[in-house]
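So you can see what is in the structure, the chains are spelled out below.
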There are 2 protein chains.
Amino acid sequence: MLEYKLIKKSKDTKARVGEIKTNHGIIKTPVFMPVGTRATVKTMTPEEVKDLGAQIILSNTYHLFLRPGPEIIEKAGGLHKFMNWHGPILTDSGGFQVFSLSANRKITEEGVTFRSHIDGSKQFLSPEVSIDVQNSLGSDIIMAFDECAPYPATYEYIEHSMNRTTRWAKRCKDHHKNTDNQALFGIVQGGMYKDLRKKSAEDLVAMDFPGYAVGGLSVGEPKDIMVDILDYTTDFLPEDKPRYLMGVGTPDYLFEAVEHGIDMADCVLPTRIARNGTAMTSVGRVIAKNGKYKEDFTSLDENCDCYTCKNYTKAYIRHLFNVNEILAYRLLSIHNIYFLTKLMENIRNAILEDRFLEYKKEFYESYGYED
Amino acid sequence: MLEYKLIKKSKDTKARVGEIKTNHGIIKTPVFMPVGTRATVKTMTPEEVKDLGAQIILSNTYHLFLRPGPEIIEKAGGLHKFMNWHGPILTDSGGFQVFSLSANRKITEEGVTFRSHIDGSKQFLSPEVSIDVQNSLGSDIIMAFDECAPYPATYEYIEHSMNRTTRWAKRCKDHHKNTDNQALFGIVQGGMYKDLRKKSAEDLVAMDFPGYAVGGLSVGEPKDIMVDILDYTTDFLPEDKPRYLMGVGTPDYLFEAVEHGIDMADCVLPTRIARNGTAMTSVGRVIAKNGKYKEDFTSLDENCDCYTCKNYTKAYIRHLFNVNEILAYRLLSIHNIYFLTKLMENIRNAILEDRFLEYKKEFYESYGYED
């Protein structure tokens, strides 16, 4: 079961506020989804993730397919129960990781054979296998198995790949068994070619999915091209279904996504840069592990009221990074996840108050553009 | 300020229940103190440590002396504020680490020169330096600078070392400036030689410290010798002062410590073995990362009501270890700290109910002796 309710459209952009109803709760959109790749949002408990304002998390089919394997999670009673997260979960299809992480992959119409990035074992994923795995996981939103094509790529490559992704989407839809509890989203591909984006979107919309993702963006292309293709693509997506831009998590890309009609986005960025010692703050990125903070007894972000900023100084956090203590990764992960969930909450409120572009301008002036 | 109040003596052993009052709160004894070596109990926030029942934590002067340095912690307002732990803190003197971690050490009457285990830099610790550092840290209980002599060692070596430790204790006492807020404990040495233990204890007691530690035990000697020397030593310590056995954290050693008159103990064991994948449970140690648990959907310890045992299965914890997720270390650290704080609470209650030895027997029958 999945229902999208459009609550408010921005007057001068395609930004919109809505709600997605799932069997595990309601998601207020636009929403940023933290990533729990291997059935855990790195360094955090589920309760912490929830308390930071996260409404839905994403987990990765490719990783869970390899370890611990879908049969174990199914026996555990599904992914929610296995990992103790009782809110909504979205799983991707595994397609992206097959193309970005695995070795020796061979794509045929049937699916993809590849070598595991962990032990080199031979593996096979296809639309049917991906749906079977996601049915075992029991996530609330599941994704069609697609090819996330590289950038740059020729028109011929993208056309062929996109049409196969569309045929795979049809096979996913036909194979999906648990439609009452799990909503299957189609993924628009088509590279940086507008006519292919249009065809992909129209073919998928004709199949009537409960939601649509825009894939194959933020893969290395310049930002203006990303924005242009995104803006063009969302015009072909129905207003009464949620729209998800995959793999985006810097503040400026989130603003662009929302401005051009996106409701959902995900990225490992906030937790990954946290573990590398970097905080997103109201005045831009802060390299918290930098030695220059060793006697800085102010908080990471004076405009932030997260647990980390309320209780710890830069000097302490820098010390923890300097001695490789796990609490360092936790404190920055907490801060960065909170920063993005708060940003999306502010964006929602700005849309509701018809001041989305003003808020974007204010934020950019304070944050700068270094991301 | 430190006050010890004896509440109840066991009828058939030297076990006793008491309270230690410090400026940062009251400690119910016997107590196990988790270790926060580098100003953090590994993997945990201070709030979590407190919620697990920890009443006081230990932090290491040697490590904080080298990184970030006492001047930074002093500028931060002291260790409590720096690390956001507002309960009592005990710091050791650095002596133990100088002898166990550093290289090229040279002991003279003045103190110890050594090479840092981090960068090989030349360093110097002495009674005065150790007290200066601990005064900067502002911990509630500070320890005299001592030599923790090796085992085995000759009578001549131990006699010389113990007498120097006693002279160092006098210098620590003379140098200690912040007696209103920080209580300085003397450390009884003397190896496995009873007459030297007696002399050490008597000489220190004559100096009238607010508390006494027994050092130089659990350094490799057989358990029966440890128990014999401990039992002998505590007879020379005053009843109206707290007694601390350093570096002990297995359940059986904690039982023996309490049985022979000890009020306080510390060890890195529960958090260290947690990060290695081992849980202490009511039926003995469980190697949680073992592949045999991959489809075990029961909790770590069915008799435990900690956060980990209430919310996660062995299968999930084993998965987290298998993929090296930080939450694995957190969940086992939570469980192990809780296990020991709960054990000490049960021991306190057993003493109050005059059934300490019965409780010890019950526990041993369930736990086994593999520790």
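Residues numbered from 1 in each chain as written. Chains lettered and ligands numbered in written order. Predicted model: local features only at pLDDT ≥ 70, side-chain atom pairs only at ≥ 80, totals over all residues. Heavy atoms only, no water.

A. Fine view of the packing of aromatic side chains. Throughout the structure, instances matching the rule amount to 34 aromatic pairs over all chains. Seen from their ring centres, Phe82 of chain A and Tyr316 of chain B are 4.9 Å apart, and the 85° between their planes marks the pair as edge-to-face. Here Phe82 of chain A, found in helix α4 (residues 79-83), pairs with Tyr316 of chain B, found in helix α13 (residues 314-322), and the two come from separate chains. Comparing Phe82 of chain A with Tyr316 of chain B, the two get one shared label, buried. Centroid distance Phe255 of chain B to Tyr364 of chain B: 5.6 Å. Interplanar angle 80°. Geometry classified as edge-to-face. Residue Phe255 of chain B is found in helix α10 (residues 251-259), and its partner Tyr364 of chain B is found in helix α15 (residues 356-367); the two are separated by 109 residues along the sequence. (Phe/Tyr/Trp six-rings, centres within 6.5 Å; stacked < 30°, edge-to-face > 60°. Helix = DSSP H or I, 4+ residues; strand = E, 2+ residues; numbered from the N terminus. Buried < 20%, exposed > 50% of the residue type's maximum accessible area, 1.4 Å probe, protein only.)

B. Fine view of the sheet that holds strand β11 (residues 183-188) of chain A. All names here are of chain A. In space, the eight strands of this open sheet follow the order β4-β14-β13-β12-β11-β10-β6-β5, with parallel pairing throughout. The open sheet terminates on both sides in strands that have one partner only, identified here as β4 (31-33) and β5 (57-59). Ignoring which end each strand starts from, the neighbouring axes of this sheet average 25° apart. The sheet contact formed by strand β10 (residues 141-143) and β11 spans three bridges and is parallel. Bridge pairing links Ile142 to Leu184 in β11. (Pairing = 2+ DSSP bridges. Axes fitted to C-alpha atoms, helices over the stretch in contact; angles between N-to-C directions.)

C. Representation of the interface of chain A and chain B. Facing 36 residues of chain A, the contacting portion of chain B comprises 37 residues. Between chain A and chain B, the buried area comes to about 3400 Å², and carbon and sulfur atoms account for 57% of it. Linking chain A with chain B are eight salt bridges. Between Glu295 of chain A and Lys75 of chain B there is a salt bridge whose closest N-O contact spans 2.5 Å. At the surface where chain A touches chain B, the tally comes to 20 residue pairs in polar contact (both at pLDDT 80 or more). Listed by contribution, the elements that provide at least two residues to the side of chain A that touches chain B are α1 (46-51), α3 (70-75), α4, α12 (307-311), α13 (314-322) and α14 (326-352) of chain A. (Contact = heavy atoms within 4.5 Å. Buried area = accessible area lost by both parts, 1.4 Å probe. Salt bridge = Lys/Arg side-chain N within 4 Å of Asp/Glu carboxyl O. Polar contact = N/O pair within 3.5 Å; in protein donor to acceptor, adjacent residues only side chain to side chain.)

D. Highlighting α14 of chain A. All names here are of chain A. With 27 residues, α14 should cover 39 Å at 1.5 Å per step; its first-to-last C-alpha distance of 39 Å lies within 8% of that length. In terms of burial, α14 is largely enclosed, as 22 of its 27 residues are buried. Positioned one or two residues after α14, Asp354 has a phi angle of 55°, which is positive. (Expected span 1.5 Å × (residues − 1).)

E. Up close: the UniProt feature "binding site: Zn(2+)" (unreviewed entry) in chain A. Residues and elements named next belong to chain A. The UniProt entry lists Cys304, Cys306, Cys309 and His335 under the feature "binding site: Zn(2+)" (unreviewed entry), expressed in the numbering used here. Spanning 32 residues, the named residues nonetheless gather at one spot, since no C-alpha pair among them exceeds 8.4 Å. Mapped onto the secondary structure, Cys306 falls in the loop between β16 (284-287) and α12. Leaving out residues up to four positions away in the same chain, Cys306 has contacts with His335 and Tyr338. Within the secondary structure layout, His335 lies in helix α14. Ignoring sequence-local partners within four residues, the contact set of His335 consists of Ala279, Met280, Thr281, Leu300, Asp301, Cys304, Cys306, Thr308 and Cys309. (UniProt positions renumbered as here; feature names shortened; annotations may be inferred.)

F. The arrangement of the UniProt feature "binding site: substrate" (unreviewed entry) in chain A in detail. Residue and element names in this part refer to chain A. Those residues carrying the UniProt feature "binding site: substrate" (unreviewed entry) are Asp92, Ser93, Gly94, Gly95, Phe96, Asp146, Gln189 and Gly216 in this numbering. On the secondary structure map, Asp92 appears in the loop between β6 (89-91) and α5 (95-100). If near-sequence neighbours (up to four positions away) are discounted, Asp92 is found in contact with Ser59, Asn60, Thr61, Tyr62, Gln97, Gln134 and Met143. Looking at the secondary structure, you find Gly216 in the loop between β12 (212-214) and α9 (223-234). By relative accessible area, which is 9% here, Gly216 ends up buried. Beyond its immediate stretch of four places on either side in the chain, Gly216 contacts Cys148, Gln189, Met192 and Arg197.

G. Just the pattern of salt bridges, in detail. Summed over all chains, the structure comprises 56 salt bridges over all chains. Linking Asp296 of chain A and Lys314 of chain A is a salt bridge whose minimum nitrogen-to-oxygen distance equals 3.5 Å. Placement of Asp296 of chain A in the loop between β16 and α12 and of Lys314 of chain A in helix α13 is noted, with a sequence separation of 18 residues between them. Assigned by exposure class, Asp296 of chain A and Lys314 of chain A land together as buried. With a shortest N-O distance of 2.7 Å, Lys9 of chain B and Glu239 of chain B are connected by a salt bridge. With a gap of 230 residues between them, Lys9 of chain B in strand β1 (residues 2-9) and Glu239 of chain B in the loop between α9 (223-234) and β13 (243-245) connect regions that are remote in the sequence.

H. Structural view of the relation of the copies chain A and chain B. Of the transformation superimposing chain A on chain B, the axial component is 0.0 Å and the angular component is 180°, with the fit at an RMSD of 0.0 Å. Expressed as a symmetry operation, the mapping of one chain copy onto the other fits a two-fold axis. Identified as the residue of chain A closest to the rotation axis by C-alpha distance is Ile326 of chain A, at 3.8 Å. Both copies present the same face, since 100% of the interface residues in chain A are matched by interface residues at the equivalent positions in chain B. (Least-squares fit on C-alpha atoms with pLDDT ≥ 70 in both.)

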